[in-house]
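Remarks on the overall topology
Residues per chain, in single letters:
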Amino acid sequence: MLSRTLAGSRVVLRMDEHLLHVISGGRVVKTMPPPIPPGRLPLLKGVRAATEALPPSGPIGPVTVQRLVNGNGRVMVAGQYRRIGAVHSGKVVNVIVEDTHFRIVYDGEELAVHPRTSDKPVTRVKTWPSRQSRPPRQASHEDTASSKS
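No experiment lies behind these values; they were computed from the predicted model shown.

Conventions and cut-offs
Residues numbered from 1 in each chain as written. Predicted model: local features only at pLDDT ≥ 70, side-chain atom pairs only at ≥ 80, totals over all residues. Heavy atoms only, no water. Patch = residues over 30% accessible without salt bridge, like charges linked within 9 Å, V, L, I, M, F, W, Y side chains within 5 Å. Areas by Shrake-Rupley, 256 points an atom, 1.4 Å probe, with all protein chains shown as cover. Salt bridge = Lys/Arg side-chain N within 4 Å of Asp/Glu carboxyl O. Helix = DSSP H or I, 4+ residues; strand = E, 2+ residues; numbered from the N terminus. Buried < 20%, exposed > 50% of the residue type's maximum accessible area, 1.4 Å probe, protein only.

Take a nonpolar patch on the surface next. On the surface, Met15, Leu44 and Val47 cluster together to form a nonpolar patch covering roughly 230 Å² of accessible area. Position of valine 47 among the secondary structure elements: in the loop between strand E3 (27-32) and strand E4 (63-68).

Our focus in this paragraph is the pattern of salt bridges. Under the definition given, this model contains two salt bridges. For glutamate 98, the salt bridge goes to arginine 103, with nearest N and O atoms at 3.6 Å. With relative accessibility at 21%, the residue glutamate 98 sits in the partly exposed group. On the basis of relative accessibility, which here comes to 26%, the residue arginine 103 falls in the partly exposed class.

Take a look at the structure:
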């Protein structure tokens, strides 16, 4: 189940480390976790090592964003929830958003690499660690008028 737009077309599947890249028309159109473990790859018929660099995907470049890890150990970036681990709950992590994957980094240590399965844009770049550390909200004219009545 790749995409309706790819129905009937020939695609190339490329497995790099722990990611599966779907290539169509000389561009990466989708990235996902591989359906088989890397140790089983040599058992497949017709498999050969990649000799060329991974082709480009969309016009998205690497962007670093911050996210607060929730109580379940997850963060959301570009509409995708990514699990890091409950042990990191409450930490503010940096997520490097690349064309084909997300790299989650905390204090210079890479915690996880997740495939990017959608091309939704990143709309929030910075997060606040907690409500107490947010700057105070500026009272608007309507707020002061409604509190007087």
